[in-house]
Amino acid sequence: MNDDVEETLRRELREVASGLQAPVRPPMPQEQVRSRRLWRPLLVAAVTLIAVGAVAMVSSYRDGGSPQPATPPTDSPTERPTESPTERPSARPLTADAPTVPYVLGGRLYVRGEQLPGSWSTVNRAGGAWAAQRDDGTWWWGTGAEERAVSGTVVLQPRLSPDGTLLAVGTAMQGGGQVLLIDTQSGETVNALQFDAAGPDDPDALGVVAVTDDAKVFLQGGSRRPMWLAAGGDDTVELDTTAPDQWVRASTTAGLIVFDSTKDGERDATYLAEVSGSGTLNRLRTLPGEEVAVNPSGTWLGHGGSWGGESRTIPDIAVQTVDGSRQLTLQPPDNRELRLLTWEDDDLLLAELYTDGSPTGLARCSISEDDCVVIDSP
C-alpha cells in the first residue's frame, strides 16, 4: 500500500514539473565582456600620460642643469596671444607738473621750464631739438635753453627729423639761395644745396616740408617738389615724375605724411608712406587727416581739437594706434576745449586749453589713464 502511495506521488510531481517554464538565464557573459573592454582604453590613456610626462621631464633639463618648466604644446588652451606693445605704452604718472618739452603759451617760449626772451609765435620740436619763430619773423633753434639764429630769410619754415638729430632749412636772398642740413648735436652744417632765386618770394625759391632721419630732404617751390638725397651730395629726385600728385607734408616716426591731390575731399586722401631712394612712395595706411601728431616710438597718433568759430568746434582729442586697432577720445579736464600741441613721451600728450578761440592754459593727457589734467603753467 505504501508503495502505491509513493508511486502515485512521484507520478503527480513529474506531471507538475513537466508543465513548468524555466526562466531564461540572464546574459552574464556579455556583461562581463563589456566590463573587461572598458578598462583597456583607460589603461592606454594612463600609459600615454605617463609617457608624455616622462618626455616633458627629460626635455625640461637643459645641458644637464636643473629642471626647467616644460614648454606647453602650441594648441594648449592656456596659451594667450602676446598683447601688442601699442595697446598700452609704459607710462609716467599723470601729474599737473609744468612741461619740460618746448612750448609757446601767450607769446612766451619755454624750454626745459625756462622762459626765453622775446615774443614768440610758434615752436616745432622733435627728439631733444626745437625750432621756433619770433614775432619779428626770425627763426631760432636749439637743443636746450640756448638759442641759435637761422641766418637769412627762411622759405616756408625749418624742419626737424623725427629723432631731432637733423635740422633742414631753406633760405633765400637776392642772387640765390640754399638749403642747409644741420647736425643739431654739433651745430655743424652737414651739407648744403644751392638753388637759383631772386629772393624768398621767387617761385623758384625752395623751402623744406620734411626731412627724414636718414637725410632725405623734401623741398617745395612753385610747382617743383624735389627730394634731396642730402647724405650723398647734391643729387635730387623730382617727385613730380616719380610720385605725381602726391605731396609730402611732414616726416614722423611712423613714416611720411602724404596728401594725394587726386583724392581731395575723400577719406583716404592723406596717408602714411615710405619712400625709396628713387622717389617711389609706398603707401602704408590711411590717416584721419594731415594735422596729426605721432608719438616718439611711432605707435600712436593724435588728431582733432580745434576752435571752429563759425564752423564746428572739436573740443576733444582723438588718439589711436597707428594701425587703427585701438582708439580713444580724450576729454577736456574742464569746460574748455583741447588742442593737441605735442607728445611729451609715448603716453603723455601736451595740449592747449581754449576759451572762445583764445588759448587760456595747458593740459596734459594720458593714454594709459584715459584722462586729462590742467597743468600748473606759468
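Above this text is the structure in question.
Residues numbered from 1 in each chain as written. Predicted model: local features only at pLDDT ≥ 70, side-chain atom pairs only at ≥ 80, totals over all residues. Heavy atoms only, no water.

A. The packing of aromatic side chains, seen in detail. One pass over the structure, following the stated rule, counts 2 aromatic pairs. Ring geometry for tyrosine 103 against tyrosine 110: centres 5.0 Å apart, planes inclined by 20°, an arrangement best described as stacked. As far as burial versus exposure is concerned, tyrosine 103 and tyrosine 110 are alike and both buried. Ring plane angle 85° and centroid distance 6.5 Å describe the contact between tryptophan 120 and tryptophan 130, whose orientation is recorded as edge-to-face. Linking tryptophan 120 in strand β4 (residues 120-126) with tryptophan 130 in strand β5 (residues 129-134), this pair joins segments that are 10 residues apart in sequence. You'll find tryptophan 120 and tryptophan 130 in the same group, each marked buried. (Phe/Tyr/Trp six-rings, centres within 6.5 Å; stacked < 30°, edge-to-face > 60°. Buried < 20%, exposed > 50% of the residue type's maximum accessible area, 1.4 Å probe, protein only. Helix = DSSP H or I, 4+ residues; strand = E, 2+ residues; numbered from the N terminus.)

B. Focus on the pattern of salt bridges. Inspection of the entire model under this criterion finds 10 salt bridges. Note that glutamate 290 is salt-bridged to arginine 249, the shortest N-O span being 3.0 Å. Of this pair, glutamate 290 sits in the loop between β19 (281-286) and β20 (292-294) while arginine 249 is found in strand β16 (residues 246-252), placing the two residues 41 residues apart along the sequence. Judged by relative accessible area, which is 29%, arginine 249 ranks as partly exposed. (Salt bridge = Lys/Arg side-chain N within 4 Å of Asp/Glu carboxyl O.)

C. Representation of the side chain of threonine 171 in the model. Counting through the fold element by element, threonine 171 comes out in strand β9 (residues 166-173). Setting aside chain neighbours within four positions, we find threonine 171 in contact with Val150, Ser151, Gly152, Thr153, Val154, Val155, Gly177, Gln178 and Phe195. (Contact = heavy atoms within 4.5 Å.)

D. Quick peek at the nonpolar core. With 18 residues, the main nonpolar core has Val179, Leu181, Phe195, Val217, Leu219 and Trp228 as its most contacted residues. Elements represented by at least two residues in this core include exactly β9, β10 (176-183), β11 (189-195), β12 (207-211) and β13 (216-220). No other element matches the 3 residues that β9 contributes to this core. When sequence neighbours within four positions are dropped, the list of residues in contact with leucine 219 reads Val179, Leu193, Leu206, Gly207, Val208, Val209, Arg224, Arg225, Pro226 and Trp228. By size, the runner-up hydrophobic cluster in this structure holds 16 residues, among which are Ile317, Leu328, Ala351 and Cys372. (Core = buried A, V, L, I, M, F, W, Y, C linked by side-chain atoms within 4.5 Å.)

E. Quick peek at the environment of leucine 281. Turning to its location among the elements, leucine 281 is positioned in strand β19. The spatial distance from the C-alpha of leucine 281 to the C-alpha of leucine 256 is 9.2 Å, given a sequence separation of 25 residues. Aside from chain neighbours lying at most four places away, what touches leucine 281 is Ala243, Gln246, Leu256, Val258, Tyr271, Ala273, Glu274 and Val275.

F. Representation of unusual backbone geometry in the model. Within the chain, arginine 112 stands out as a residue other than glycine whose phi angle is a positive 55°. Counting through the fold element by element, arginine 112 comes out in the loop between β2 (108-111) and β3 (114-116). A positive phi is found at aspartate 356, a non-glycine position, where the angle reads about 55°. Position of aspartate 356 among the secondary structure elements: in the loop between β25 (348-355) and β26 (358-366). On the accessibility criterion, aspartate 356 (63% relative accessible area) is exposed.

G. Region of interest: the environment of glycine 199. Looking at the secondary structure, you find glycine 199 in the loop between β11 and β12. For the pair glycine 199 and glycine 175, spaced 24 residues apart in sequence, the C-alpha to C-alpha distance is 7.0 Å. Once residues within four sequence positions are removed from consideration, glycine 199 is found in contact with Ala172, Met173 and Ala205.

H. How the structure looks around the pairing of strand β18 (residues 270-275). The buried fraction of β18 is high, at 5 of 6 residues. Pairing between strand β17 (residues 255-260) and β18: 4 bridges, direction antiparallel. The partner of leucine 256 across the bridge, within β18, is alanine 273. One ladder, built from 5 bridges, connects β18 with β19; its direction is antiparallel. By the bridge assignment, leucine 272 is partnered in β19 with arginine 285. (Pairing = 2+ DSSP bridges.)

I. The arrangement of the sheet that holds β4 in detail. The antiparallel open sheet is built from 4 strands, whose spatial order is β4-β5-β6-β7. At either end of the open sheet lies a strand with only one pairing partner, and these are β4 and β7 (148-149). Both β5 and strand β6 (residues 139-142) contribute to a ladder of 4 bridges, which runs antiparallel. Paired with tryptophan 130 across the strands is glycine 142, a residue of β6.

J. Spatial organisation of the sheet that holds β20. In space, the 4 strands of this open sheet follow the order β20-β21-β22-β23, with antiparallel pairing throughout. Looking at the sheet topology across the chains shown, the edges are occupied by β20 and β23 (327-330). Between one strand axis and the next, the sheet turns through 25° on average, direction left out of account. (Axes fitted to C-alpha atoms, helices over the stretch in contact; angles between N-to-C directions.)

None of the figures reported here should be taken as evidence of function without further support.
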